[in-house]
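Next come the chains, spelled out residue by residue.
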Amino acid sequence: MSNASITKTTPEWNTINWGKVQRKVFKLQKRIFQAVKSGNKVKAKKLQKLLLKSHYAKLLAIRKVTQDNQGKKTAGIDGIKALRPNQRVKLVNELTLKGYKAKALRRVWIPKPGRDEKRGLGIPTMKDRAMQALVKSALEPYWEAQFEETSYGFRPGRSTHDAISRIHTTINKKARYVLDADIAKCFDKINHDYLLSKVDCPYNIKRIIKQWLKCGVMDNGVFEGTKTGTPQGGVISPLLANIALHGMINDITTKFPRFKYRNGKTEHNYRPVIVRYADDFVVLHREYEIILQCKELIAQWLEKVGLEIKPSKTRICHTLNDIKIDGKTEKAGFDFLGFNIRSYPVGKHKSGSRGGNTGGRTREKIGFITLTKPSKKEILAHHEAIKEVIKANRNAPQSALINRLNPIIRGWCNYYRTAASSEIFSSEDHILWRMLRAWTVSRKKGKTSIQNALSKYFSNGKNGKWTFQNGKYALYSHAETEIMRHTLVKPEASPYDGNWTYWSIHTGYIYWDTN
């Protein structure tokens, strides 16, 4: 939690001490988290009611939806895109559970990346967004104390990189079979009755959640009722989806023994490992038959939630070897969250190892090495994104093109800097150079030679003599990004535990003291 920057507008909003607001709200959230951890849910629910009445919690909820969130300028059915500071102050007094009634959502269609399909977002009104943020602030610490260790999606203090690191640590010492699956239309199909029976909160909160689930959608002036699902676009929807899917991992894994006796030996850690990120998950195990059992058990478990596995996005493979399933060869490795994860056979000098030096034992060479890289699909999508920018700026000044490309390159590289990406980054720079060379040649005038045209835009700089730059701006190269291995978050850790020593070390950010 960082101290918010405050724009100088009206004195009422400008004079708010946001550091104090965050500390007051967090202290209550921490108490909710600790009460659930200690098994006192009755106390936790009383604290939830107290938080929902808190003036500080209301201020913070309004600030998040009007100033912090990316979709803050998207209007609901009331047409309001933004609130002036005096309107934000007024809204604080309107955020009460008693008498609250949710309005219908406004459907917005956005294209899916890399596909010809579109997905619909349900955009709440500004007041509904603020109320969702307020309720979420009370629900989240309650559930963070209970969520499963290998669930990583849409949770504070956890990221896609944690999910990838967990998978990597599972397979880098022993090859596994993999069930790579996706839940079909997860946000659209969740059974409302099941979710409401599971949400476990005071009645007045549950009543409001039911309104959000049942409020319906306006699509080009036509009203549609919502009988299932948690509408995408709502502040609280990802949390509700996580609550609905909570228990899947533990319910499936506990059906298998912790260890198994075989041929006079004990096989430890026999249970499958399930890593879930929102509606995407993978199941890892050393035996193909266990993977098949898990697939069937998960399908049965999802049925009670109103969900099913999407066949077109479900695949069984092996992390090290190509395998044949129903006469079809499945290549080794799989893609997950934009990464390709695979083990490669190598000689003893590059092989990974396992075991230890204790008791006189030497580390055993395992004959393969596990690498996580950007997936081919995401590399091609990156090419297309860059190509579109260059095409759109074919007549723009060089500085404009550089300023458009730099955020795209930096963002992509920062996401993949935790993987084995060095060679790919260098390759991307070469491909980008060819695109920019074509851009330069297309701007050549008259009898100007290609060499002179190139020298106008490329010169000696931080990336050598072919640095794309002018006097003021220089293009950021992929290879400038330093590879930094991600440190996996501790299974039991949560920002609501208040262990700022751990979180400061883990994130590199110095958190404020709440004592």
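Just so you know, these numbers come straight off a predicted model, no measurement behind them.

**Student:** Sorry, what's going on with the packing of aromatic side chains here?
**Tutor:** Taken as a whole, this structure holds 20 aromatic pairs when the rule is applied. Note on Phe259 and Tyr261: the rings are 5.9 Å apart at their centroids and 80° apart in plane angle, and the pair reads as edge-to-face. The class for Phe259 is partly exposed, based on a relative accessible area of 40%. Look at Tyr261 and you get exposed, because its relative accessible area is 62%. A connected cluster of aromatic rings, assembled from ring pairs, spans Trp433, Trp439, Tyr457, Phe458, Trp466 and Phe468.

**Student:** Please clarify how the nonpolar core should be interpreted in this entry.
**Tutor:** Ranked by size, the top nonpolar core spans 134 residues in total, and within it Ile209 and Phe336 carry the most contacts. Setting aside residues up to four positions removed in sequence, Ile209 forms contacts with Leu139, Leu196, Val199, Cys201 and Leu240.

**Student:** How do you make sense of the environment of Trp143 when you look at a structure like this?
**Tutor:** Residue position: Trp143 is located in helix α6 (residues 126-144). Judged by its relative accessible area of 3%, Trp143 is buried. The spacing of Trp143 and Asn393 is 250 residues in sequence and 47 Å in space, taken between C-alpha atoms. Residues within four places of Trp143 in sequence aside, it is in contact with Lys198, Val199, Asp200, Ile243 and His246. Of note is the side chain of Trp143, whose polar atom sits 3.2 Å from the backbone oxygen of Val199.

**Student:** Can you walk me through the pairing of strand β19 (residues 464-468) in this structure?
**Tutor:** When a strand is regular, its side chains alternate between the sheet's two faces. Pairing analysis gives three bridges linking strand β18 (residues 458-461) to β19, with the strands arranged antiparallel. In the sheet register, Ser459 faces β19, and the bridge partner there is Thr467. Connecting the antiparallel pair β18 and β19 is a turn made up of two residues.

**Student:** Where do I start with the domain arrangement of the protein in this structure?
**Tutor:** A common way to report how large an interface is uses the accessible area buried once the components associate. One can read the domain layout of the protein as domain 1 (18-146 + 192-227), domain 2 (245-373) and domain 3 (377-480). Each of domain 1 and domain 2 was reduced to a C-alpha centroid, and the two centroids are 36 Å apart. Listed per partner, the contact involves five residues of domain 1 and six residues of domain 2. Summed over both sides, the interface between domain 1 and domain 2 buries roughly 470 Å², with carbon and sulfur atoms accounting for 52% of that surface. Taken together, the connections running from domain 1 to domain 2 amount to zero salt bridges. Here domain 1 is connected to domain 2 by one residue pair in polar contact (both at pLDDT 80 or more). Of the residues belonging to the side of domain 1 that touches domain 2, the class tally is two nonpolar, one polar and two charged.

**Student:** What exactly am I supposed to notice about a positive patch on the surface here?
**Tutor:** A grouping of Lys20, Arg23, Lys24 and Lys27 is seen on the molecular surface, where their side chains present a positively charged patch. With respect to the secondary-structure elements, Lys20 resides in helix α2 (residues 18-37). Given the relative accessible area of 36%, Lys20 is considered partly exposed.

**Student:** Help me understand the sheet that holds strand β3 (residues 177-182) in this model?
**Tutor:** By definition, the strands of a sheet pair up through backbone hydrogen bonds, in either a parallel or an antiparallel sense. The sheet built from four strands is open, its strands ordered β8-β9-β3-β10 with antiparallel pairing. Both outer strands of the open sheet, β8 (273-277) and β10 (315-318), are each paired with one neighbouring strand and no more. Strand after strand, the sheet turns through a mean of 20° between neighbouring axes, direction not considered. Note: β3 against β10, four bridges, orientation antiparallel. Its bridge partner being in β10, Val178 is matched across the sheet by Cys317. Strand contacts of helix α7 (residues 160-171): β8 and β9 (280-285), with the helix running at about 165° to β8, the strand carrying the most contacts. Sheet strands touched by helix α13 (residues 288-303): β3, β8, β9 and β10. Its angle to β9, the strand with the most contacts, is close to 145°.

**Student:** Looking at this model, I keep getting lost on the sheet that holds strand β14 (residues 339-345). Mind explaining?
**Tutor:** The antiparallel open sheet is built from three strands, whose spatial order is β13-β14-β17. Each having just a single partner strand, β13 (334-336) and β17 (368-374) make up the two edges of the open sheet. Each neighbouring strand pair of the sheet contributes to a mean axis angle of 25°, computed without reference to strand direction. When β13 meets β14, the two strands line up antiparallel, connected through three bridges. Directly across from Phe336, in β14, lies its bridge partner Phe339.

**Student:** Would you mind going over the pattern of salt bridges with me for this structure?
**Tutor:** Any two side chains of opposite charge can pair, given that their charged atoms come close. Under the counting rule described, the total for this entry stands at 15 salt bridges. We note a salt bridge from Arg155 to Glu144, for which the minimum N-O separation is 3.0 Å. Within this pair, whereas Arg155 is found in the loop between α6 and α7, its partner Glu144 is found in helix α6, the two being separated by eleven residues in sequence. Classification of Arg155 as buried rests on a relative accessible area of 6%. Of the charged contacts, one joins Glu267 and Arg286 as a salt bridge, the two residues approaching to 3.4 Å between their closest N and O atoms. Here Arg286 lies in the loop between β9 and α13 and Glu267 lies in strand β7 (residues 265-267), a separation of 19 residues in the sequence. By relative accessible area, which is 18% here, Glu267 ends up buried.

Definitions and cut-offs
- Residues numbered from 1 in each chain as written.
- Predicted model: local features only at pLDDT ≥ 70, side-chain atom pairs only at ≥ 80, totals over all residues.
- Heavy atoms only, no water.
- Phe/Tyr/Trp six-rings, centres within 6.5 Å; stacked < 30°, edge-to-face > 60°.
- Buried < 20%, exposed > 50% of the residue type's maximum accessible area, 1.4 Å probe, protein only.
- Core = buried A, V, L, I, M, F, W, Y, C linked by side-chain atoms within 4.5 Å.
- Contact = heavy atoms within 4.5 Å.
- Helix = DSSP H or I, 4+ residues; strand = E, 2+ residues; numbered from the N terminus.
- Polar contact = N/O pair within 3.5 Å; in protein donor to acceptor, adjacent residues only side chain to side chain.
- Pairing = 2+ DSSP bridges.
- Domains from an automatic or database assignment.
- Buried area = accessible area lost by both parts, 1.4 Å probe.
- Salt bridge = Lys/Arg side-chain N within 4 Å of Asp/Glu carboxyl O.
- Nonpolar A, V, L, I, M, F, W, Y, C, P; charged D, E, K, R; others polar.
- Patch = residues over 30% accessible without salt bridge, like charges linked within 9 Å, V, L, I, M, F, W, Y side chains within 5 Å.
- Areas by Shrake-Rupley, 256 points an atom, 1.4 Å probe, with all protein chains shown as cover.
- Lys, Arg positive; Asp, Glu negative; His and termini not counted.
- Charge placed at Lys NZ, Arg CZ, Asp CG, Glu CD.
- Axes fitted to C-alpha atoms, helices over the stretch in contact; angles between N-to-C directions.

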